Amino acid sequence: MVTFKEFRNNVKPNWCPGCGDFSVQSAIQRAAANIGIEPDNLAVVSGIGCSGRISGYVNAYGFHGIHGRALPIAQGLKMANRDLNVIVAGGDGDGLAIGMGHTIHAIRRNIDITYIIMDNQIYGLTKGQTSPRSEIGFVTKSTPDGSIESSVNIMEMALSAGATFVAQGFSSDLKDLTTLIEQGINHKGFSLINVFSPCVTYNKVNTYDWFKQNLVKLSEMENYDPSNRAEAMKTLMKHNSLVTGLIYQNKNQKSYQELVSGYKASPLKDEDLTLDKAKFNEIVAEFQ
């Protein structure tokens, strides 16, 4: 029986003490173990930023990509090995700034991977500038008079783009976050999980205490229906997206892999990719 300890390695995280990313790492490890995934059947792909280091802290296949490009790497990985469980992890700057185009198209493509955004609403690695998730008026080194740009509402955006699994967690609530990641991995399609993961060093506004005072648990709402997209959007707008739990899930839409014509049931890694000389020469001749 797989335990979360099997997903640990000897690499010590160098996040700041108290960073929410520690809990996200633990939740991924616990979720994978609870589902029964073996370490050699899990890949964690990450981008750039404090959160980007997570791919090296989990005992599984890891790929530390370039800024904003974790999603296309992960999608290629999943297409080549459809049996592999692929988790993408990155910050709000990585996925909602330079990587925003990839995020939108991964959502609408509905490929069967899980994307976890560690949302600290600031650029932590570069010492505290505004991110796409910083609110209007947010004061940082790059906005000493307060940000004049609107914050990206990733949850509403995901629903509008046709996401089939939308959830939001809080790094301080390890139990619920682990459950959400389990649900995301088991979902047959693209799973988007935004996690409020406070930066204790540079963000003195969106702190653990602030989130505890402002977040609303969907599980405590009477008769909330996560299969109702209109209700999900209405609830997000009512609470300024400060909710946690499973926001929306569509179990009926087929994943990208199910719709690709000629996509074989066996992974590419198991295919015979040898090419005899006659066939090679035939292909080359087509380009002469």
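Before any of the text, the structure's been laid out above.
Definitions and cut-offs
- Residue numbering note: each chain is counted from 1, following its sequence as written.
- Given that this is a predicted model, residues contribute local features only at a pLDDT of at least 70 and side-chain atom pairs are listed and counted only at 80 or more, while totals for whole chains, interfaces and linings are drawn from all residues.
- By convention in this description, side-chain values take in all heavy atoms of the structure and omit both hydrogens and water.
- Think of it this way: any DSSP run of H or I at least four residues long counts as a helix, any run of E at least two long counts as a strand, and we number them from the N terminus.
- A radius of gyration in this sense is built from C-alpha atoms; the matching globule rule multiplies 2.2 Å by the number of residues raised to 0.38.
- Residue contacts follow a heavy-atom distance rule, with two residues in contact if any of their heavy atoms lie within 4.5 Å.
- Surface exposure here means Shrake-Rupley accessible area, sampled with a 1.4 Å probe, where a residue is shielded only by the protein chains that are shown.
- A pairing counts as a salt bridge when a side-chain nitrogen of Lys or Arg comes within 4 Å of a carboxyl oxygen of Asp or Glu.
- Only protein chains enter the calculation, and the probe is 1.4 Å; a residue is then buried if its accessible area is under 20% of its type maximum, exposed if over 50%, and partly exposed in between.
- The criterion is simple. A nonpolar core is a set of buried Ala, Val, Leu, Ile, Met, Phe, Trp, Tyr and Cys residues joined through side-chain atoms within 4.5 Å.
- Between any two strands, pairing holds if DSSP finds at least two bridges.
- Any Phe, Tyr or Trp ring, taking Trp's six-membered ring, that has another such ring centre within 6.5 Å forms a pair; planes under 30 degrees apart are called stacked, those over 60 apart edge-to-face, and the others tilted.
- Lines fitted to the C-alpha atoms define the axes, with helices restricted to the stretch that makes contact. Angles between their N-to-C directions range from 0 to 180 degrees.
- Disulfides are defined in this document as cysteine sulfur pairs within 2.5 Å.
- Patch membership needs two things, relative accessible area over 30% and no salt bridge, and members are linked within 9 Å if like-charged or within 5 Å if nonpolar (Val, Leu, Ile, Met, Phe, Trp, Tyr).

1. Structural notes on the overall build of the chain
- When helices and strands are counted, the chain shows 10 helices and eight strands.
- Against the 2.2 N^0.38 benchmark of 19 Å for 288 residues, the chain shows a C-alpha radius of gyration of 20 Å, consistent with a compact globule.
- Projected onto its principal axes, the C-alpha coordinates of the chain cover approximately 70 × 45 × 40 Å.
- Nonlocal contacts in the chain, meaning residues at least 24 apart in sequence, comprise 70% of its contacts between residues at least 6 apart.
- For the chain, the exposed area adds up to about 14,300 Å²; of that, 52% sits on carbon and sulfur atoms.

2. Quick look at the pattern of salt bridges
- According to the stated counting rule, one finds six salt bridges in the structure shown.
- Among the salt bridges present, the one from Lys217 reaches Asp173, with a minimum N-O distance of 3.1 Å. Of this pair, Lys217 sits in strand 7 (residues 216-217) while Asp173 sits in the loop between strand 5 (165-170) and helix 6 (174-186); the two residues are 44 residues apart in sequence, bridging distant segments of the chain.
- Here Glu282 makes a salt bridge to Lys279, at a shortest N to O gap of 3.7 Å. Of the two residues, Glu282 and Lys279 both sit in helix 10 (residues 277-285), three residues apart, roughly one turn of that helix.
- Lys279 gets classed as partly exposed once you look at its relative accessible area, which sits at 36%.
- Here the salt bridges share partners, and the residues they tie into one network are Asp173, Asp176 and Lys217.

3. Details of the nonpolar core
- By size, the foremost hydrophobic cluster in this structure holds 32 residues, and its most contacted members are Ile113, Val166, Phe190, Leu192 and Ile247.
- Mapped onto this core, the elements with two or more residues apiece are strand 1 (42-46), helix 2 (70-80), strand 3 (85-91), helix 4 (100-109), strand 4 (114-119), helix 5 (154-160), helix 8 (229-238) and strand 8 (243-249).
- Counting residues per element, this core draws most heavily on helix 5, which supplies five residues.
- Excluding its chain neighbours within four sequence positions, the residues that come into contact with Val166 are Met155, Ala158, Leu159, Leu192, Leu246, Ile247 and Tyr248.
- Ranked by size, the runner-up nonpolar core spans 29 residues in total, among them Val2, Phe7, Leu42 and Ile87.

4. Thoughts on the pairing of strand 3
- With seven of seven residues buried, strand 3 is to be regarded as a mostly interior element.
- Neither face of strand 3 is left uncovered, since the one carrying Asn85, Ile87, Ala89 and Gly91 and the one carrying Val86, Val88 and Gly90 both have all their residues buried.
- Bridging between strand 3 and strand 4 involves five bridges; their strand directions are parallel. Each residue of the ladder has a partner; that of Gly90, found in strand 4, is Ile117.

5. Quick look at the packing of aromatic side chains
- The full count for this structure, using the stated rule, is seven aromatic pairs.
- A centroid spacing of 5.0 Å and a plane angle of 85° characterise the contact between Trp15 and Tyr57, whose relative ring orientation is edge-to-face. Note that Trp15 is positioned in the segment before helix 1 (21-35) and Tyr57 in the loop between strand 1 and strand 2 (61-64), a separation of 42 residues in sequence.
- Its relative accessible area of 6% is what places Tyr57 among the buried residues.

6. Some details on the sheet that holds strand 8
- In space, the eight strands of this open sheet follow the order 2-1-3-4-6-5-8-7, with mixed pairing throughout. If you trace the sheet from one side to the other, it starts and ends with strand 2 and strand 7, each paired once.
- Across the sheet, helix 1 touches strand 1, strand 3, strand 4 and strand 6 (191-196), and the angle it forms with strand 4 is around 160°.

7. Remarks on the state of the cysteines
- Following the criterion strictly, the structure yields zero disulfides and no others.
- In this structure Cys16 is not part of a disulfide, and its nearest cysteine sulfur, from Cys199, lies 6.4 Å away.
- Free of any disulfide, Cys50 has its nearest neighbouring cysteine sulfur in Cys199, separated by 6.5 Å.

8. Describing the packing of helix 2 against helix 4
- Packing of helix 2 against helix 4 brings their axes to within 9 Å, and their N-to-C directions diverge by 35°. Residues Leu71, Pro72 and Gln75 of helix 2 touch helix 4, and the partners they reach there are His102, Thr103, Ala106 and Arg109.

9. Some words on a nonpolar patch on the surface
- Residues Leu275, Phe280, Ile283, Val284 and Phe287 make up a contiguous nonpolar surface patch of about 500 Å² in total accessible area.
- With respect to the helices and strands, Phe287 occurs in the segment after helix 10.

10. A few points about the environment of Ser255
- Looking at the secondary structure, you find Ser255 in the loop between strand 8 and helix 9 (256-259).
- Taking the relative accessible area as the measure of exposure, Ser255 reaches 5% and is therefore buried.
- Counting along the chain gives 144 residues from Ser255 to Ile111, while the straight-line C-alpha distance between them is 5.5 Å.
- Apart from residues lying up to four places away in sequence, Ser255 is in contact with Asn110, Lys188 and Gly189.

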